[in-house]
Amino acid sequence: SFEGRVEVYHDGKWGTICDDQWDDRDAEVVCRQLGLSGTPKALSWAHYGQGSGPILLDEVQCSGNELSLDQCKKSDWGQQNCDHIEDAGVSCDPFTAMVQPVSFSPAECCPLLLPPLAEGTVRLAGGRSPGEGRVEVYYNGDWGTVCDDGWTDLGAQVVCRQLGFR
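Residues numbered from 1 in each chain as written. Predicted model: local features only at pLDDT ≥ 70, side-chain atom pairs only at ≥ 80, totals over all residues. Heavy atoms only, no water.

The name that an unreviewed UniProt entry assigns to the chain is NETR protein, with the source organism given as Notiomystis cincta. UniProt's Subcellular location (unreviewed entry) comment on the chain is quoted here verbatim: "Membrane". (UniProt positions renumbered as here; feature names shortened; annotations may be inferred.)

A. Up close: the state of the cysteines. Across all of its chains, the model carries three disulfides by this definition. Covalently, C18 is tied to C82 through a disulfide, its sulfur atoms 1.9 Å apart. Because the torsion about its S-S bond is -80°, the bridge between C18 and C82 counts as left-handed. Of this pair, C18 sits in the loop between β2 (13-17) and α1 (24-33) while C82 sits in the loop between β4 (55-57) and β5 (89-93); the two residues are 64 residues apart in sequence, bridging distant segments of the chain. With a relative accessible area of 0%, C18 lands in the buried category. Judged by its relative accessible area of 10%, C82 is buried. For the chain, the bonded cysteines connect in the pattern 1-5, 2-6, 3-4 when numbered consecutively along the sequence. (Disulfide = S-S within 2.5 Å. Helix = DSSP H or I, 4+ residues; strand = E, 2+ residues; numbered from the N terminus. Buried < 20%, exposed > 50% of the residue type's maximum accessible area, 1.4 Å probe, protein only.)

B. Expanded view of the environment of R25. Tracing the backbone shows R25 in helix α1. Residues R25 and Q61, spaced 36 residues apart in sequence, show a C-alpha to C-alpha distance of 7.9 Å. The residues contacting R25, other than those within four sequence positions of it, are C62, S63 and G64. (Contact = heavy atoms within 4.5 Å.)

C. View of the environment of C82. Separated by 27 residues in sequence, C82 and I55 place their C-alpha atoms 7.6 Å apart. For C82, the contacting residues outside a window of four places in its chain are C18, D20, I55 and D58.

Structure, rendered in structure tokens:
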């Protein structure tokens, strides 16, 4: 599926995102994180139905260039002032920029679940564009840097491929 309520996994549980500040730049990051290349569209007011459980994020403000929501400006995990009627959704529609009508009610719609970061996930930080920067690796719940001892173009090529660059 390419549309639905956005849910994130943090600290051992799934939860929703509040739609305060939610816009198409945030949707662009969600679509990228899910590997979907359609036209990103942010949807508010529990368009895809209200979730249950915790509301884990609020005040998400992405620039649109981030590789994951974790890199966006946002409230601290679990810090929010929302109800599930404000659950955020996205459409990453590969066919059109308009949200297509669906044949099921929003309450029946499945959430778009963002997977937790895997050990060894890489990102670039501190660059002037999304394609450059300091290499960081996710390990044991934290981001760390990579020492440049023995760093060669081959290592850079591997990181670029991991990030989806050619």
